[in-house]
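Architecture and fold: a report
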Amino acid sequence: QTVVTQEPSFSVSPGGTVTLTCGLSSGSVSTNYYPSWYQQTPGQAPRTLIYSTNTRSSGVPDRFSGSILGNKAALTITGAQADDESDYYCVLYMGSGIWVFGGGTKLTVL
Amino acid sequence: QVQLQESGPGLVKPSETLSLTCAVSGYSISSGHYWGWIRQPPGKGLEWIGSIYHSGSTYYNPSLKSRVTISVDMSKNQFSMKLSFVTAADTAVYYCARAKGYSYGFYFDYWGQGTLVTVSS
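Being a predicted model, the structure only gives us computed values, none of them experimental. Each chain has its residues counted from 1, running along the sequence as written. Lettering for chains starts from A, numbering for ligands starts from 1, and both go in the order in which the items are written. In keeping with the predicted nature of the model, local features appear solely for residues at pLDDT of at least 70, side-chain atom pairs appear and are counted solely at 80 or more, and the whole-chain, interface and lining totals rest on all residues. Each side-chain value is derived from all of the structure's non-hydrogen atoms; neither hydrogens nor water enter the calculation.

1. Some details on the overall build of chain B
This is how the line gets drawn: Here a strand is any run of E in DSSP of at least two residues, a helix any run of H or I of at least four, and the numbering for each starts at the N terminus. Whether two residues touch is decided by their heavy atoms; if any such pair falls within 4.5 Å, the residues are in contact. Computed with a 1.4 Å probe, the accessible areas rest on the Shrake-Rupley method; for each residue, only the protein chains presented here act as cover. Charge assignment in this entry is limited to Lys and Arg as positive and Asp and Glu as negative, and neither His nor the chain termini are counted. For the purpose of locating charges, the reference atoms are NZ of Lys, CZ of Arg, CG of Asp and CD of Glu.
When its secondary structure is counted, chain B shows 0 helices and 11 strands. For chain B, the sequential pattern of α-helices and β-strands runs β-β-β-β-β-β-β-β-β-β-β. Here the C-alpha coordinates of chain B stretch approximately 40 × 25 × 25 Å along the principal axes. In chain B, of all internal contacts separated by at least 6 residues, the share reaching a separation of at least 24 is 54%. Surface exposure of chain B reaches about 5,400 Å², of which carbon and sulfur atoms provide 49%. In chain B, which carries 9 positive and 6 negative side-chain charges, the distance between the mean positions of the two groups comes to 2 Å.

2. Things to note about the pattern of salt bridges
All names here are of chain B. Definition in use: A pair is scored as a salt bridge if a Lys or Arg side-chain nitrogen falls within 4 Å of a carboxyl oxygen belonging to Asp or Glu. Think of it in three bands: residues with accessible area under 20% of the maximum for their type are buried, residues over 50% are exposed, and the middle band is partly exposed, with areas taken using a 1.4 Å probe on protein chains only.
Evaluation of the coordinates by the stated rule reveals 7 salt bridges over all chains. Here glutamate 47 makes a salt bridge to arginine 39, at a shortest N to O gap of 2.8 Å. Its salt-bridge partner being arginine 39, residue aspartate 90 comes within 2.8 Å of it at the nearest N-O pair. You can see aspartate 90 sitting in the loop between strand E8 (78-83) and strand E9 (92-100) and its partner arginine 39 sitting in strand E4 (residues 34-40), a full 51 residues away along the chain. Note on accessibility: aspartate 90 and arginine 39 belong to one class, buried.

3. As for the side chain of arginine 39 of chain B
Residues and elements named next belong to chain B. Keep this limit in mind: Polar contacts, as counted here, are pairs of nitrogen or oxygen atoms within 3.5 Å of one another; within protein the pair requires one atom able to donate a hydrogen and one able to accept it, and residues that are adjacent in sequence qualify only if both atoms are side-chain atoms.
With a relative accessible area of 7%, arginine 39 lands in the buried category. In terms of polar contacts, arginine 39 uses its side chain to reach the side chain of tyrosine 94, at 3.1 Å. With sequence-adjacent residues up to four places away left out, arginine 39 is seen in contact with Gly45, Leu46, Glu47, Ile49, Leu64, Leu83, Ala89, Asp90, Ala92, Val93 and Tyr94.

4. Section: the pairing of strand E11 (residues 105-109) of chain A
Residues and elements named next belong to chain A. Short version of the rule: For two strands to count as paired, DSSP must find a minimum of two bridges between them.
Only one face of E11 is covered, namely the face carrying Thr105, Leu107 and Val109; the face carrying Lys106 and Thr108 is uncovered. In this structure, strand E2 (residues 9-12) lies alongside E11, joined through 4 bridges in parallel fashion. Opposite serine 11, over in E11, you have threonine 108 as the bridge partner. Relative to E11, strand E9 (residues 87-95) is paired through 2 bridges, and the arrangement is antiparallel. When the sheet's bridge partners are listed, tyrosine 88 is paired in E11 with threonine 105.

5. Details of the sheet that holds E8 of chain B
Residues and elements named next belong to chain B. Basically, it comes down to this: Axes here mean lines fitted to C-alpha atoms, for a helix over just the part in contact, with angles spanning 0 to 180 degrees between N-to-C directions.
In spatial order, the strands read E1-E3-E8-E7; together these 4 strands make up an open sheet with antiparallel pairing. Edge positions in the sheet fall to strand E1 (3-7) and strand E7 (68-73), since each of these pairs with one other strand and no more. The mean angle between the axes of side-by-side strands here comes to 20°, regardless of whether they run parallel or antiparallel. Bridging between strand E3 (residues 18-25) and E8 involves 6 bridges; their strand directions are antiparallel. Bridged to alanine 23 within E8 is glutamine 78.

Given below as structure tokens:
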């Protein structure tokens, strides 16, 4: 079964830059997987940040950006703020109506 | 503005069937896109359960496929999920969501607020 891998946790200093990644247990992530990224704070529904690898959802600040880095999808936060402290999930579209979520990355801003 | 709202029992007994409904407002399901269910066990990550396309085609997580059925009621503009033979491992917050398709990038753009379902006797 396909496993989407993410760093379990990451920390960044306020104002700093952090890149979270999204990989596959076997194979490389490409734009053909239409990687999307979601932010979730405790008790809240996920919020869509990025879709189709690098398109920001409406209202998402431009400090969030998506890309492909090597064989993984990546979410970069430039100029991290305190309220960026959240869980971040990557989702890949596997084709044939199937989506797979990554395990999520808990980002700490301190 | 598209809005989704989950409803259903908050407590289900082991071995029984969990049934949830997602009411959609601000958009007609028959107009397009995928309509799906995602769950999150307490303290854990998100898991895609399955989706139904506006045409009625269904798609399921292989790990849950034998127990899940997703259906749509166009007349009420809502879609539903049934998960059979539940165990404590099915205790989770269940979200419904709209997913955009090929022309838009295959991503979830609108989410319900989520509903907690506990499996316990």
